[in-house]
Amino acid sequence: MVQGWNEVLHLAPADMGLTAALGEGGDDPIAWLSEAAGIPRAELERVRLLRNRVASNQPVADRDLSGALETIDRVIALVGRMGLLE
């Protein structure tokens, strides 16, 4: 789960998080991924929050974990199919 989410984040342009953090405009990586994969940002935010729970050893329902893994797989497949992977 943690590794999968990290892989998803690496699909976004490398400097995206930095430019957003510096207030230089542009979207953040989650917004970019949402647009590129056609998956609602709220769904990606749920995966991000779940990833944080898993990383901090908090309990996670199997159903939630399964759904998050499916979303991760979908993002990777959709963004990769668009030829955006290097």
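This text follows the structure it describes.
Cut-offs applied
Residues numbered from 1 in each chain as written. Predicted model: local features only at pLDDT ≥ 70, side-chain atom pairs only at ≥ 80, totals over all residues. Heavy atoms only, no water. Helix = DSSP H or I, 4+ residues; strand = E, 2+ residues; numbered from the N terminus. Buried < 20%, exposed > 50% of the residue type's maximum accessible area, 1.4 Å probe, protein only. Axes fitted to C-alpha atoms, helices over the stretch in contact; angles between N-to-C directions. Parallel < 35°, antiparallel > 145°, perpendicular 65-115°, else oblique. Left-handed = near helix turned anticlockwise from the far one by under 90°. Contact = heavy atoms within 4.5 Å. Nonpolar A, V, L, I, M, F, W, Y, C, P; charged D, E, K, R; others polar.

Participant: How do you make sense of the environment of L65 when you look at a structure like this?
Facilitator: When you line up the elements, L65 lands in helix α5 (residues 62-81). Looking at L65, the relative accessible area reads 27%, which means it is partly exposed. It is 7.5 Å that separates the C-alpha atoms of L65 and L50, two residues lying 15 residues apart in sequence.

Participant: How should I be thinking about the packing of helix α1 (residues 2-9) against helix α4 (residues 41-55) in this particular structure?
Facilitator: A pair of packed helices is characterised by two quantities: the angle between their axes and the separation of those axes. The geometry of α1 relative to α4 is characterised by a closest axis approach of 9 Å and an angle of 135° between their N-to-C directions. Judged by the angle between their axes, α1 and α4 are oblique. Helix-helix and strand crossings are classified by hand; for α1 and α4 the assignment is left-handed. Taken together, the residues of α4 that come into contact with α1 (itself represented by V2, W5 and N6) are L44, V47, R48, R51, V54 and A55. For the contact of α1 with α4, the per-class residue count stands at six nonpolar, one polar and two charged.

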